[in-house]
Amino acid sequence: MFAEYQPHRPTPAAPVEVEVREARASDLAAIERVEDAADRAACPDGVRTAIADPRRLVVVAEVAGTVVGWAKTHHFDLPDGEAPAGHYLAGVTVDPRARRRGVGHALTGARIGWVAGRAARVHYLVNARNTVSLALHERWGFREIARGPTFHQVPFVGGLGLVLAADLAQRADRRGSSGSGRQSELPS
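Residues numbered from 1 in each chain as written. Predicted model: local features only at pLDDT ≥ 70, side-chain atom pairs only at ≥ 80, totals over all residues. Heavy atoms only, no water.

Student: Please set out the overall build of the chain residue by residue, giving values where relevant.
Tutor: Each helix and strand counted, the chain has four helices and ten strands in total. Counted from the first residue to the last, the chain has its helices and strands arranged as β-α-α-β-β-β-α-β-α-β-β-β-β-β. Expressed as a percentage of the 188 residues in the chain, the buried residues total 41%. Pairs at least 24 residues apart make up 69% of the contacts formed inside the chain by residues separated by at least 6 positions. (Helix = DSSP H or I, 4+ residues; strand = E, 2+ residues; numbered from the N terminus. Buried < 20%, exposed > 50% of the residue type's maximum accessible area, 1.4 Å probe, protein only. Contact = heavy atoms within 4.5 Å.)

See below:
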């Protein structure tokens, strides 16, 4: 279900030049290939809807012209218990052959940059057992603000989900040293 967390495993190869750009409907087949490679279920209709929604962002990461990952945002108009209304990062998937090369970091940075132009705070929901995602987002200053079995109609396998938040108004650039990323075609 989640990528295996191996914080001390050496990177399989040198970081790569990652280009992150806004997804288009023509990217749906490539997004499905990434989902299949990661043994996840693709939902092309949901992705198509997200691409068309101006309050959301769907991005793809390319290495040498090939889509190797994708991610999106959500916007919730209303709070759900302890989960605030606002912009949320969601759904990062990286092809297993491209992991640990800076792709997830580049996708996260692109979405945070997009949200920063719209809000002072960004959130994300995560299963408490998804240690890979927690480690990735910690680097961006995300801190836990709530725990529960479901938030914004998202249930969590094992019954415990977390809401995390990062303040964007005071954030420092946390690009880190893993991988190189370039953003293009992202709306401001």
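What follows continues from the structure just given.
Student: Now, about the packing of aromatic side chains: what can you tell me, with residues and values included?
Tutor: Enumeration over the complete set of coordinates arrives at three aromatic pairs. Ring geometry for Y124 against F142: centres 5.3 Å apart, planes inclined by 80°, an arrangement best described as edge-to-face. Residue Y124 is found in strand β5 (residues 121-127), and its partner F142 is found in the loop between α4 (131-138) and β6 (143-148); the two are separated by 18 residues along the sequence. Given the relative accessible area of 3%, Y124 is considered buried. (Phe/Tyr/Trp six-rings, centres within 6.5 Å; stacked < 30°, edge-to-face > 60°.)

Student: So what's going on with the packing of helix α1 (residues 28-37) against helix α2 (residues 44-52)? Which residues, and what values?
Tutor: Helices that pack against each other are described as a pair by the angle of their axes relative to one another and the distance between those axes. For the pair α1 and α2, the least separation of the axes is 10 Å and the interaxial angle reads 130°. Put simply, α1 runs oblique to α2. The hand of the α1/α2 crossing is right-handed. Where α1 approaches α2, its residues L28, I31 and E32 are matched on the opposing element by P44, V47, R48 and I51. For the contact of α1 with α2, the class distribution of residues is five nonpolar, no polar and two charged. (Axes fitted to C-alpha atoms, helices over the stretch in contact; angles between N-to-C directions. Parallel < 35°, antiparallel > 145°, perpendicular 65-115°, else oblique. Left-handed = near helix turned anticlockwise from the far one by under 90°. Nonpolar A, V, L, I, M, F, W, Y, C, P; charged D, E, K, R; others polar.)

Student: Go over the environment of R33 with me, naming the residues and quoting the values.
Tutor: One can find R33 in helix α1. Taking the C-alpha atoms as reference points, R33 and V67, 34 residues apart in sequence, are found 8.9 Å from one another.

Student: Could you give an account of the side chain of E35, with specific residues and numbers?
Tutor: Mapped onto the elements, E35 comes out in helix α1. Setting aside its immediate chain neighbours within four residues, E35 contacts R40, A41, A42, W70 and T93.

Student: Pulling in residues and values, what's your account of the side chain of S133?
Tutor: Of note, S133 is situated in helix α4. Setting aside residues no more than four positions away along its own chain, S133 makes contact with Y124 and V126.

Student: I'd like a rundown of the nonpolar core, residues and numbers included.
Tutor: The biggest cluster of nonpolar side chains holds 27 residues, and the ones touching the most others in it are V18, V20, V103, L107, V122 and F142. If you list the elements that add at least two residues to this core, you get β1 (17-22), β2 (58-63), β3 (66-76), β4 (86-94), α3 (103-116), β5 and β9 (161-167). No other element matches the seven residues that α3 contributes to this core. When sequence neighbours within four positions are dropped, the list of residues in contact with V122 reads H87, L89, V115, F142, L164, A165, A166 and L168. (Core = buried A, V, L, I, M, F, W, Y, C linked by side-chain atoms within 4.5 Å.)

Student: Outline the pattern of salt bridges, listing residues and values.
Tutor: If you walk through the whole model with that rule in mind, you get seven salt bridges. Measuring nitrogen to oxygen at the nearest pair gives 2.6 Å for the salt bridge that ties R97 to D95. Judged by its relative accessible area of 65%, R97 is exposed. Two residues, R147 and E144, come together in a salt bridge whose shortest N-O distance is 2.6 Å. (Salt bridge = Lys/Arg side-chain N within 4 Å of Asp/Glu carboxyl O.)

Student: I'd like a description of the confidence of the model for the chain, backed by residues and values.
Tutor: Chain-level pLDDT for the chain is 85 on average; 82% of the residues reach the 70-or-more range. Per-residue pLDDT stays below 50 along residues 172-180; that stretch engages in 21 contacts with residues further than four places along the chain or on separate chains. (pLDDT = per-residue confidence, 0-100.)

Student: I'd like a rundown of the environment of D95, residues and numbers included.
Tutor: As for its position among the elements, D95 is in the loop between β4 and α3. Once the C-alpha coordinates of D95 and R33 are considered, the two residues, 62 residues apart in sequence, prove to be 8.4 Å apart. Leaving out residues up to four positions away in the same chain, D95 has contacts with V34, A37 and V68. At 2.6 Å, the side chain of D95 and the side chain of R97 are in polar contact. (Polar contact = N/O pair within 3.5 Å; in protein donor to acceptor, adjacent residues only side chain to side chain.)

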